[in-house]
Amino acid sequence: PMKSESKKATPKIRVLSYDFKRPERVGKEQMRSLQSLHDGFSRNLGASLSAMLRSIIEVRLISVDQLTYSEFVYSLEIPTCFNLLKPLPLDGNWVLDISPTLLYPIIDRMLGGSVSTESVPKRPLSDIELRLAARITNVFLKELQCAWSNVIEMDLQVERVESNPQLVQIVPPNEVVGMVSFELIMGAIRGTSNLCIPFNTIERVGSKLSSNSWIGYAAARKN
């Protein structure tokens, strides 16, 4: 009888698995804020790129995910247009990656050619192509600064451009980052762009992401 009582007294323990390689650094509310903020950004980016290129470009927000920096880097094409950004006054670096699948047709358009679905050359951008790509990157940065203005006033600058993302380590491989992925569509051309935001760079503005202050951006841009 004593044994049966002790068995009844033993509490059931629920064991949950925890992946230490992919810890959750940002809460659901902040992730929703990042989703809404960059959804508004994507619409305004599409309008700005369309005006600059005089061709309709649609930009869609695909996803906002948490993953490790190594997972982000190894998900990218090689070669690519890997822009290392300085998000002043924040510490650390962000990354803006623009797929060559999209970038080469846009550059052709900027040089007066037509948008072609021909195969994209598997080589790094030349010096002239880098200068033209910088015009596209600058539109991204301008719209990003506007999108984040109600969270923090930033001066986003390109520190350098690399073609092989695996040679750039802005944080330790297992550091958790946010990856904001976009699809850009120009006629028959489709390509992706990814924004990498290490969460340790935005920890001090995390409380503002949880508030509704950023909502004013999308409303202000529509008016």
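Residues numbered from 1 in each chain as written. Predicted model: local features only at pLDDT ≥ 70, side-chain atom pairs only at ≥ 80, totals over all residues. Heavy atoms only, no water.

Novice: Could you give me a rundown of the confidence of the model for the protein, with the residues and numbers involved?
Specialist: Looking at the protein as a whole, the pLDDT averages 84, with 79% of positions reaching at least 70. No element of the protein has a lower mean pLDDT than helix H7 (residues 215-222), which averages 47, and none a higher one than strand S3 (residues 94-98), which averages 97. Here residues 216-220 is modelled with pLDDT under 50, and outside its nearest four sequence neighbours on either side it reaches ten contacts, counting other chains as well. (pLDDT = per-residue confidence, 0-100. Helix = DSSP H or I, 4+ residues; strand = E, 2+ residues; numbered from the N terminus. Contact = heavy atoms within 4.5 Å.)

Novice: Outline the sheet that holds strand S1 (residues 58-68), supporting the account with residue identities and numerical values.
Specialist: Taken in spatial order, the six strands make up an open sheet running S1-S5-S6-S3-S2-S4, and their pairing is antiparallel. The open sheet is flanked by S1 and strand S4 (155-162), the only strands paired with a single partner. Neighbouring strand axes in the sheet, compared pairwise and without regard to direction, differ in orientation by 20° on average. Judged from the ten bridges that link them, S1 and strand S5 (residues 176-186) form a sheet pairing that is antiparallel. Bridged to Leu-67 within S5 is Val-177. In this fold helix H2 (residues 28-53) packs onto S1, S5 and strand S6 (189-198), with an angle of close to 145° to the strand it touches most, S1. Strands in contact with helix H4 (residues 100-110) are strand S2 (81-88), S3, S5 and S6; relative to S6, the strand with the most contacts, it is inclined by about 120°. (Pairing = 2+ DSSP bridges. Axes fitted to C-alpha atoms, helices over the stretch in contact; angles between N-to-C directions.)

Novice: Explain the environment of Val-168 to me, using residue names and the numbers behind them.
Specialist: Along the chain, Val-168 turns up in the loop between S4 and S5. Owing to a relative accessible area of 4%, Val-168 belongs among the buried residues under this scheme. For the pair formed by Val-168 and Val-95, sequence separation is 73 residues and the distance between their alpha carbons is 10.0 Å. Leave out the neighbours within four places in its chain, and Val-168 touches Tyr-69, Phe-82, Leu-84, Arg-160 and Glu-162. (Buried < 20%, exposed > 50% of the residue type's maximum accessible area, 1.4 Å probe, protein only.)

Novice: Could you give an account of H2, naming the residues involved and the relevant values?
Specialist: Over its 26 residues, H2 extends 37 Å from the first C-alpha to the last, a length consistent with the 38 Å expected when each residue adds 1.5 Å. One or two residues past the end of H2 sits Arg-54, with phi positive at roughly 55°. (Expected span 1.5 Å × (residues − 1).)

Novice: Outline H4, listing residues and values.
Specialist: Here H4 lies mainly inside the structure; eight of its eleven residues are buried. Buried residues of H4: Pro-100, Leu-102, Leu-103, Tyr-104, Pro-105, Ile-106, Ile-107 and Met-110, and no others. Those residues of H4 hidden inside the fold are in contact with H2, S2, S3, helix H5 (127-148), S5 and S6. You can read the cap of H4 off the contacts: a side-chain oxygen lies 3.1 Å from the backbone nitrogen of Thr-101, and it is on Ser-99. Looking one or two residues beyond H4, the residue adopting positive phi is Gly-112, at roughly 95°. (Polar contact = N/O pair within 3.5 Å; in protein donor to acceptor, adjacent residues only side chain to side chain.)

Novice: Any details on the packing of H4 against H5? Residues and values, ideally.
Specialist: With their axes 10 Å apart at the nearest point, H4 and H5 run at an angle of 95° to one another. One way to sum up the angle between H4 and H5 is to call them roughly perpendicular. Between H4 and H5, the contacting residues are Leu-103, Tyr-104, Ile-106, Ile-107 and Met-110 on the first element and Glu-129, Leu-132, Ala-133, Arg-135 and Ile-136 on the second. Residues of the contact of H4 with H5, tallied by class, amount to eight nonpolar, no polar and two charged. (Parallel < 35°, antiparallel > 145°, perpendicular 65-115°, else oblique. Nonpolar A, V, L, I, M, F, W, Y, C, P; charged D, E, K, R; others polar.)

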